[in-house]
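Chains, contacts and geometry: an overview
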Amino acid sequence: MKNIATILGMLTLLSSAALANDASTAATGDVLPLWEMIVFCVVVVGVIGLGIWKSGDSGESTSENGEKSEGGAADYFLAGRGLSWWLVGFSLIAANISTEQFVGMSGKAANWVGLAIAGYEWLAAIVLVIVAFTFLPMLLKRGVFTIPQFLEERFDGKARTIMAVANLVILVGVPTAGVIFAGAKVVSGYFDLSMTAGCTIIGLCATVYVFVGGLKACAWTDLIWGAALIVGGGLVAVLALNAIGAADPNALIETASATSQVTADQLANMSGWDRFMALNSGDAMTATNAIGGKMHMIRPADDMEIPWTALCLGLWIPNFFYWGLNQYIMQRTLASKSLAEGQKGIVFAAGLKLLIPFVVLIPGILAYNLYNTDMKAGAAAKATAAIESVEASGKTPLYRITADYVATEPGKAMDYITKNATVAGTAEQQAKVEGLKADLNAVLAAGTAEQVTAVATKPELTLNIPEGVSDLGKQKRIAAALIADKLAKESNAIIDAKATDTSFATSDPINGYDYDSAFGTLLKKLLPGTHMAWFVLAALFGAVVSSLASMLNSASTLFTMDIWNKIRKEQCSQKELVTVGKFGVLGCSAIALLLAIFLSTKLDSIFSYIQEFQGFLSPGALAVFLFGFFVPKCPRYFGWLGIAINVVEYGALKICCPEMAFLNRMAVCLVTIVLVGFIITWLNALRGGEAVKLEDKGIIKMESSRSAVLWGWVVVLLTIALYIIFW
C-alpha cells in the first residue's frame, strides 16, 4: 500500500503540472475552472490507482527459496491468464481507441477522405469475428506469451527473432511514439502547453503506471476508460451537432462540398444532423478538401488514401495484422482465462467497433464545418515555421507543397512551386508547371461556365467535373482543386528526383489546414462552460496513458521473452523475467518519448504515419502466420523468408512507385509472398516433407463459445448494413 500511495502521489503531481501552466487563466473560463481541474486530477489518479490496486503485487509472491512463484512472468505480462470476457472486450477497445484515433482518424475525416476512413473500424469488426474463431484457438492451445513465440514453435528460432525485433522496433517507433504525440497534441492544444511538455507528462505517467502494475493494471483501467471514451466521444459529437444547428447558414455554406446541392436558405430550416448531412453530401471526389461528398465508404480508384480497390484486399491486411497478430492487441486475448472467454470478449469488442465512427469521425467532419478558419490558421503557423526552417538550412531550399495549400493559397503556392521548378526541375518540368499555373489562373479568373469548361476539357488536363454541378462557383472550385492536385504532384516529383542530392534541403509538408487539430479544436471550442470538460479530458488523458502503458507492457514482453530470455537460453528465473521486463518498460518509454518529441515538428498526419510504416511488416507477417496456422506442410524456413521478402518488396515499391496508395502496396506484397509460400510448399510436398503438427499444451480450457458464434454473425450483418447505408 505504501508503494501505491507513492505512485499515486507522483501521478497527482504530474497531472497537476499539466494544468498549472494555465491555472492563472482558469478564472476567466479560458481553460478549466479550478473545481474541474481538481475533479480531473482526482478521477485520473483514482482510476489509475484502481488499476494498480487490482493488479495486486503483479506476481510478487515467492516460493520457499525466495524465487518468484511460477506465475510471476505470466502475472506481470499476461495478467495471470485470468481475464474475463468483459475485461478482454473493454481492454481491446480502450487499447485501440486512444488519441491516435481521436486525432489521426478525426483529422482524416475532416479532410477529403471523410467517413471512408471508417473502413478501418467497420472492417475491423468482421476481422475480429474471424480472428476469434481462427487465429485465437491456434495461439491459445500453444500457451504462448508472445506472437513471435508461435513462429519458433511452427517454423524456427530465426523466424521468431526476426519477427520479434521487427515488431519491437515498429511498436516502439511507430504506434507508441505516435500515441504520445497524438495525446500531447490534444492536451497541449487544450491547455496551451508546448508539445514537448505534453509528450513528457504523458510518457512519465504511463511509464510509472505500467512499471508497477503490468498488464493486469492496464486491463482494469481499460474497463473504465473504454466506456468513458465512448461516452465522452458521443458527448462531443452531440455538442458539435448542437453547435452546427445554431451556426450561421451563410458561414456554413462556405464549407459545403462542391458536389452538394444545398443552399444557405435550405440550411436555415434544417436541424443540426440534417445540416451536417447536407453540407457533406454529393459524389465522392479525390484531390483536395471540400469538393466531394464525405459521407461515402466507397471512394474513387485514384484516391491516395482509401481507393475502393483497397476494400478488395489492401485494407484487410493491416486489419488482420493489427487485430490478429499485433502483440499490443493480442496480449489481452492471450491473457483470457479460457478460449470461450477470449472469443466472447473479442466479439464484444467487435460490436463496440461499429460505434466508433459515430464518436470519432463525425466530430472530425463537424470540426471542419464549424472551425475551418482555426484549422487554417494553425496550418499557416506551421507553414511559416517550415519555410523559415528550410530557408535557414544553408542549402538550396525546396518546398513540399500540398494540393490543399495550392487550393487555399494559390498565389503563394504557385510562387514556391515555381521556385522548385526553377532550381531543380528539367526544362520539360518547368514548362509543365508554367502550363498548369496558366490553367489555374484561367479557372480562378473565369467569369462563365464556358470558360471553366474550356480549361477542363483541354486534352492535357481532362478534368472530371460532375455533370450535376451547374453553379459557376462550385465548378471553379472543383476545377481549381483538380489542377492544384496536378501542380502539387508535379512539384513533388521535382523534389523526389533530388532526394539524394545533398545540396538541396526539403521543407516539411506545407498544408492548407491543420487537420490533426480537428478534435482538439472541438474540445477547446465546445467544452468550456458545459461543466463536462473534466470528464471528456479525463477520459482522453486516461485513454492515452492506458494505451501507452499497454504498448510499453507489450514492448517489454517482446524484449524480455523473445530476446533476453533467448539470449539467456531460457534459463531465467521468474524474478529475473519480471525485473528485466520492468527495465524494458523504462528503456522503451525513453526511446518512444524522444521520438514523439521529434515527431511534434516533423509529422503532418499521425494516422498515415502509423499505418504506412507498419506495411514493412504486416503483409509478410500475415502471410507467414496464415501458412503457419493452416498449411502444415509449409517448410519451416518460410517463416523468416516471407517476412524478409516483404521488407524488401514494400521498400522497393515505396521508392519506385511513390504514387501508389500504401494499402495497394500492401496488397501487392501479400500476393507475392502467398505465391512464394504456395510454390515452396508444393516443392516441399514433392520432396516428401512431413507436416508440422502443433498439439494443445493444455494450459487453458479450449472449449469454444456458442453464444460468441451467434453474436459474431450479428456483428457481420450489422457491418454489411452500415456499408450499404453509407455506400
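Residues numbered from 1 in each chain as written. Predicted model: local features only at pLDDT ≥ 70, side-chain atom pairs only at ≥ 80, totals over all residues. Heavy atoms only, no water.

Here we come to the overall build of the protein. The secondary structure content of the protein amounts to 31 helices and two strands. By sequence separation, contacts in the protein at least 24 residues apart represent 80% of the contacts at least 6 residues apart. Approximately 26,900 Å² of the protein is accessible, and the part contributed by carbon and sulfur atoms is 63%. (Helix = DSSP H or I, 4+ residues; strand = E, 2+ residues; numbered from the N terminus. Contact = heavy atoms within 4.5 Å. Areas by Shrake-Rupley, 256 points an atom, 1.4 Å probe, with all protein chains shown as cover.)

Another point: the environment of Lys693. Looking at the secondary structure, you find Lys693 in the loop between α30 (662-686) and α31 (706-725). Lys693 sits in the exposed class, given a relative accessible area of 70%. Taking the C-alpha atoms as reference, Lys693 lies 6.8 Å from Pro632; in sequence the two are 61 residues apart. (Buried < 20%, exposed > 50% of the residue type's maximum accessible area, 1.4 Å probe, protein only.)

This brings us to the environment of Ile679. Along the polypeptide, Ile679 turns up in helix α30. Given a relative accessible area of 48%, Ile679 falls into the partly exposed group. For the pair formed by Ile679 and Cys634, sequence separation is 45 residues and the distance between their alpha carbons is 9.5 Å.

Below, the discussion takes up the packing of helix α16 (residues 327-334) against helix α25 (residues 533-567). With their axes 9 Å apart at the nearest point, α16 and α25 run at an angle of 85° to one another. Comparing their axes, α25 and α16 come out roughly perpendicular. Contacts between α16 and α25 involve Gln327, Tyr328, Gln331 and Arg332 on the former and, on the latter, Ser547, Ser550, Met551, Asn553, Ser554, Thr557 and Leu558. Split by residue class, the contact of α16 with α25 holds three nonpolar, seven polar and one charged. (Axes fitted to C-alpha atoms, helices over the stretch in contact; angles between N-to-C directions. Parallel < 35°, antiparallel > 145°, perpendicular 65-115°, else oblique. Nonpolar A, V, L, I, M, F, W, Y, C, P; charged D, E, K, R; others polar.)

Okay, a nonpolar patch on the surface next. On the surface, Ile679, Trp682, Leu683 and Leu686 cluster together into a nonpolar patch covering about 430 Å² of accessible area. Considering the arrangement of structural elements, one finds Trp682 in helix α30. Judged by relative accessible area, which is 54%, Trp682 ranks as exposed. (Patch = residues over 30% accessible without salt bridge, like charges linked within 9 Å, V, L, I, M, F, W, Y side chains within 5 Å. Salt bridge = Lys/Arg side-chain N within 4 Å of Asp/Glu carboxyl O.)

The terminal C-alpha atoms of helix α17 (residues 339-353), which comprises 15 residues, lie 21 Å apart, in line with the 21 Å expected from a rise of 1.5 Å per residue. Along α17, 12 of the 15 residues are buried, which leaves the element largely enclosed by surrounding structure. Turning to α17, its buried residues are Leu339, Ala340, Glu341, Gly342, Gln343, Gly345, Ile346, Val347, Ala349, Ala350, Leu352 and Lys353. (Expected span 1.5 Å × (residues − 1).)

Take the packing of aromatic side chains next. Aromatic ring pairs are defined here through the distance separating the ring centres and the angle between the ring planes. Tallying each qualifying case throughout the model produces 25 aromatic pairs. Relative to Trp323, the ring of Tyr322 has its centre 5.0 Å away and its plane inclined at 75°; by these criteria the two rings are edge-to-face. Comparing Tyr322 with Trp323 shows no difference in burial state: the two are buried. Taken together, a centroid distance of 5.8 Å and an interplanar angle of 80° make the contact between Trp534 and Phe535 edge-to-face. Counting every residue linked through ring pairs, the aromatic cluster contains Phe135, Phe150, Trp316, Phe320, Phe625, Phe629 and Phe630. Cation over ring: Arg81 sits above Phe145, and NZ or CZ is 5.1 Å from the ring centre. Over the ring of Trp640 we find Lys158, and its NZ or CZ is 5.0 Å from the ring centre. (Phe/Tyr/Trp six-rings, centres within 6.5 Å; stacked < 30°, edge-to-face > 60°. Lys NZ or Arg CZ within 6 Å of the ring centre and 35° of its normal.)

This part covers helix α7 (residues 119-133). Between its terminal C-alpha atoms α7 stretches 22 Å, which fits the 21 Å expected from 15 residues at 1.5 Å a residue. The sharpest bend along α7 comes to roughly 30°, located at Ala125. (Bend = angle between axes of the 7 residues up to and from the residue.)

Next up on the list: unusual backbone geometry. Look at His531: it is not a glycine, yet its phi comes out positive at around 65°. Tracing the sequence through the fold places His531 in the loop between α24 (518-526) and α25. Despite not being glycine, Lys569 has its phi angle at roughly 55°, a positive value. Note on placement: Lys569 falls in the loop between α25 and α26 (574-599).

Positionally, Asn369 belongs in helix α18 (residues 356-391). A polar side-chain atom of Asn369 sits 3.1 Å from a polar atom in the side chain of Thr255. Filtering out sequence-adjacent residues up to four positions away, Asn369 remains in contact with Ile244, Leu252, Thr255, Phe276, Leu279 and Asn280. (Polar contact = N/O pair within 3.5 Å; in protein donor to acceptor, adjacent residues only side chain to side chain.)

Moving on, we get to the side chain of Arg154. Examined against the element boundaries, Arg154 turns out to sit in helix α9 (residues 147-154). Buried charge Arg154 goes without a salt bridge, the closest partner of opposite sign being Asp156 at 9.1 Å. In terms of polar contacts, Arg154 uses its side chain to reach the backbone carbonyl oxygen of Pro632, at 3.3 Å. Within the structure, Arg154 has its side chain in polar contact with the backbone oxygen of Cys634 (distance 2.9 Å). Ignoring anything within four residues of it in the chain, the contact list for Arg154 reads Phe627, Gly628, Val631, Pro632, Lys633, Cys634, Arg636, Val692 and Leu694. (Lys, Arg positive; Asp, Glu negative; His and termini not counted.)

In this section: the nonpolar core. Among the nonpolar cores identified, the biggest contains 204 residues, and Trp122, Met163, Leu370 and Phe541 are the most heavily contacted of them. Here this core takes 23 residues from helix α11 (residues 195-246), the largest share from any one element. With near-sequence residues (within four places) excluded, Met163 lies in contact with Ile147, Pro148, Leu151, Phe321, Leu325, Leu617, Ala621, Phe625 and Ile643. Ala383, Tyr399, Ile417 and Ala479 belong to the second-largest nonpolar core, a separate cluster that totals 40 residues. (Core = buried A, V, L, I, M, F, W, Y, C linked by side-chain atoms within 4.5 Å.)

When pLDDT is averaged along the protein, the result is 83; 89% of the residues meet or exceed 70. Within the model, pLDDT remains below 50 along residues 1-30, and this stretch shows 43 contacts once partners closer than five positions in the same chain are excluded. Low confidence marks residues 57-70, where pLDDT is under 50. Its contacts with residues over four positions away, or in another chain, come to 23 contacts. (pLDDT = per-residue confidence, 0-100.)

With that settled, consider the pattern of salt bridges. As enumerated under the stated definition, the model contains 20 salt bridges in all. A salt bridge links Arg400 to Asp496, with the shortest nitrogen-to-oxygen separation between them at 3.1 Å. Linking Arg400 in the loop between β1 (396-398) and α19 (403-408) with Asp496 in helix α23 (residues 472-497), this pair joins segments that are 96 residues apart in sequence. Given the relative accessible area of 38%, Asp496 is considered partly exposed. Residues participating in the shared-partner salt-bridge network are Glu152, Arg160, Asp562, Lys566 and Glu570.

With respect to the helices, strands and loops of the structure, Ala184 is situated in helix α10 (residues 157-191). A C-alpha to C-alpha distance of 9.0 Å links Ala184 and Ala596, two positions 412 residues apart in sequence.

Quick look at the state of the cysteines now. Under the counting rule described, the total for this entry stands at zero disulfides. Left unpaired, Cys41 is separated from the closest cysteine sulfur, that of Cys205, by 9.8 Å. (Disulfide = S-S within 2.5 Å.)

It is worth spelling out the packing of α18 against α24 at this point. α24 packs onto α18 with a crossing angle of 75° between their chain directions and a minimal axis gap of 8 Å. Overall, the two elements α18 and α24 adopt an arrangement that is roughly perpendicular. On the side of α18, the interface is formed by Val359, Pro363, Gly364, Ala367, Leu370, Tyr371, Asp374 and Met375, while α24 contributes Ala518, Phe519, Thr521, Leu522, Lys525 and Leu526. Across the contact of α18 with α24, the residue classes tally to 10 nonpolar, two polar and two charged.

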